[in-house]
Amino acid sequence: GIQVEQSPPDLILQEGANSTLRCNFSDSVNNLQWFHQNPWGQLINLFYIPSGTKQNGRLSATTVATERYSLLYISSSQTTDSGVYFCAPGNTGNQFYFGTGTSLTVIP
Amino acid sequence: DAGVTQSPTHLIKTRGQQVTLRCSPKSGHDTVSWYQQALGQGPQFIFQYYEEEERQRGNFPDRFSGHQFPNYSSELNVNALLLGDSALYLCASSLAFMGPGEAFFGQGTRLTVV
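Reference entry: report on the structure contained in this document. All residue numbers refer to position in the chain's written sequence, counted from 1. Chains and ligands are labelled by the order in which they are written, letters from A for the one and numbers from 1 for the other. In view of the model being predicted, local features appear only for residues whose pLDDT reaches at least 70, and side-chain atom pairs are presented and counted only at 80 or more, with totals across whole chains, interfaces and linings using the full set of residues. Water and hydrogen atoms were dropped before computing side-chain values, which therefore reflect all heavy atoms in the structure.

Comments concerning the overall build of chain B
Across its full length, chain B holds zero helices and 11 strands. Segments assigned H or I by DSSP are reported as helices when at least four residues long, segments assigned E as strands when at least two residues long, and all are numbered from the N terminus. From first element to last, N terminus to C terminus, chain B shows the α and β order β-β-β-β-β-β-β-β-β-β-β. We compute the radius of gyration from the C-alpha atoms alone; for a globule the expected value is 2.2 Å times N to the 0.38, where N is the number of residues. A compact globule built from 114 residues should have a C-alpha radius of gyration of about 13 Å, and chain B, at 13 Å, falls within 12% of that. Contacts in chain B between residues far apart in sequence, at least 24 positions, make up 54% of those at least 6 positions apart. Summing over all exposed atoms, chain B offers an accessible surface of approximately 5,300 Å²; the carbon and sulfur share of this is 51%. For chain B, the centre of its 8 positive side-chain charges and the centre of its 10 negative side-chain charges are spaced 12 Å apart. In what follows, a contact means two residues having at least one pair of non-hydrogen atoms within 4.5 Å. Using a 1.4 Å probe, accessible areas were evaluated by the Shrake-Rupley method; residue-level cover was limited to the displayed protein chains. Note on charges: Lys and Arg go in the positive column, Asp and Glu in the negative column, and His and the chain ends are not counted at all. One atom stands in for each charge, and that atom is NZ of Lys, CZ of Arg, CG of Asp or CD of Glu.

Notes on the packing of aromatic side chains
Here is the rule: rings of Phe, Tyr and Trp (six-membered ring for Trp) pair when centre to centre is within 6.5 Å. Planes less than 30 degrees apart are stacked, more than 60 are edge-to-face, and the remainder are tilted. Applying the stated rule across the entire model yields nine aromatic pairs over all chains. Here the aromatic rings of F86 of chain A and F98 of chain A are separated by 5.9 Å at their centres, their planes lie at 80 degrees, and the arrangement is edge-to-face. Highlighted residues: F86 of chain A in strand 9 (residues 83-90) and F98 of chain A in the loop between strand 9 and strand 10 (102-107), separated in sequence by 12 residues. An identical accessibility class is assigned to F86 of chain A and F98 of chain A; each is buried. Measuring from centroid to centroid gives 5.3 Å for F47 of chain B and Y49 of chain B, while their planes differ by 90 degrees, and the two rings are edge-to-face. Among the aromatic residues, those joined into a ring-pair cluster are F35, F86 and F98 of chain A together with Y35, F45 and F105 of chain B. A simple rule labels every residue: compare its accessible area, found with a 1.4 Å probe on the protein chains alone, to the largest value its type can have, and call it buried under 20%, exposed over 50%, or partly exposed in between.

Considering the pattern of salt bridges
All names here are of chain B. Definition used for salt bridges: Asp or Glu carboxyl oxygen within 4 Å of a side-chain nitrogen of Lys or Arg. For the structure on display, the rule yields five salt bridges over all chains. Here R55 and E51 are joined by a salt bridge, their closest N and O atoms 3.4 Å apart. Residue E51 is classed as exposed on the basis of its relative accessible area of 52%. A salt bridge links R63 to D85, with the shortest nitrogen-to-oxygen separation between them at 2.9 Å.

Quick word on the sheet that holds strand 7 (residues 64-68) of chain B
The strands making up a sheet associate through backbone hydrogen bonding, with each pair oriented either parallel or antiparallel. Residue and element names in this part refer to chain B. Pairing between two strands requires that DSSP report at least two bridges joining them. Strand order in the open sheet made by the four strands is 1-3-8-7, with antiparallel pairing throughout. The outermost strands of the open sheet, each flanked by one partner alone, are strand 1 (5-7) and strand 7. When strand polarity is set aside, the average angle formed by the axes of neighbouring strands in this sheet is 20 degrees. What counts as an axis is a line fitted to C-alpha atoms, over the stretch in contact for a helix, and the angles between N-to-C directions run from 0 to 180 degrees.

Re the state of the cysteines
Residues and elements named next belong to chain A. When the sulfur atoms of two cysteines come within 2.5 Å, that pair is taken as a disulfide. Scanning the model with the defined rule gives two disulfides over all chains in all. There is a disulfide in this structure between C23 and C87, and the S-S distance comes to 2.0 Å. Given an S-S torsion of about -55 degrees, the disulfide between C23 and C87 has left-handed geometry. Taken together, the positions of C23 in strand 3 (residues 19-25) and C87 in strand 9 put the pair 64 residues apart, joining distant regions of the chain. The pair formed by C23 and C87 is uniform in burial state, with each residue classed as buried.

Some thoughts on the interface of chain B and chain A
The interface is formed by 27 residues belonging to chain B together with 20 residues belonging to chain A. Buried area adds together the accessible area that both of two parts lose upon being put together, with accessible area traced by a 1.4 Å probe. Carbon and sulfur atoms make up 48% of the area that chain B and chain A hide from each other, which totals about 1,700 Å². Residues adjacent in sequence count toward polar contacts only when both atoms are side-chain atoms; beyond that, a polar contact is any pair of N or O atoms within 3.5 Å, and within protein one must be able to donate a hydrogen and the other to accept it. At the junction of chain B with chain A, the criterion picks out 10 residue pairs in polar contact (both at pLDDT 80 or more). Elements with a minimum of two residues in the side of chain B that touches chain A: strand 4 (31-37), strand 5 (44-50), strand 9 (87-94) and strand 10 (104-105) of chain B.

Here it is, written out as structure tokens:
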């Protein structure tokens, strides 16, 4: 299967700061999603982005599939952004592979 | 439009018992996948169902089995429970298992084996 490495593993930000989360993966992919897992375990879809760049409010994401990485940008962070962020690439049907995520804490 | 729903939300079982978890996919989706998420880890793929058949399987023992019904809902069964089966079990739905596409997850079932 696809190996997924996310960095940094842990991140603490002051409210209002910007951050970049990185996801490296080991194989070619035709699927990639970014999720935010809330404290209750729900995986919330942020982006479906197998390639290219997308933006949604304060969040944006870029996937460079040929170089096997994806980036998630968070601008003007808020305390509600806290949680674990997962990148999940896939290359066989709709099976996704997860790393251990980036745990983000935003302090007021 | 109802999203992916799972039941129950929490469950406590004794080692050696059997458990059944349930999932209803997002409206219009026909493919259901199950994942296991241990504490501090990312979700791991268990298996995927499409047209009532298991289509893909991850590295999980035969104690883990499933079923998909004609209405696309699905069950995950785990036999002979071990303490190590304690985890959050997540169901994901998507459209058409062979093609790439966006998956949506339910809120999960938190299983504790004692």
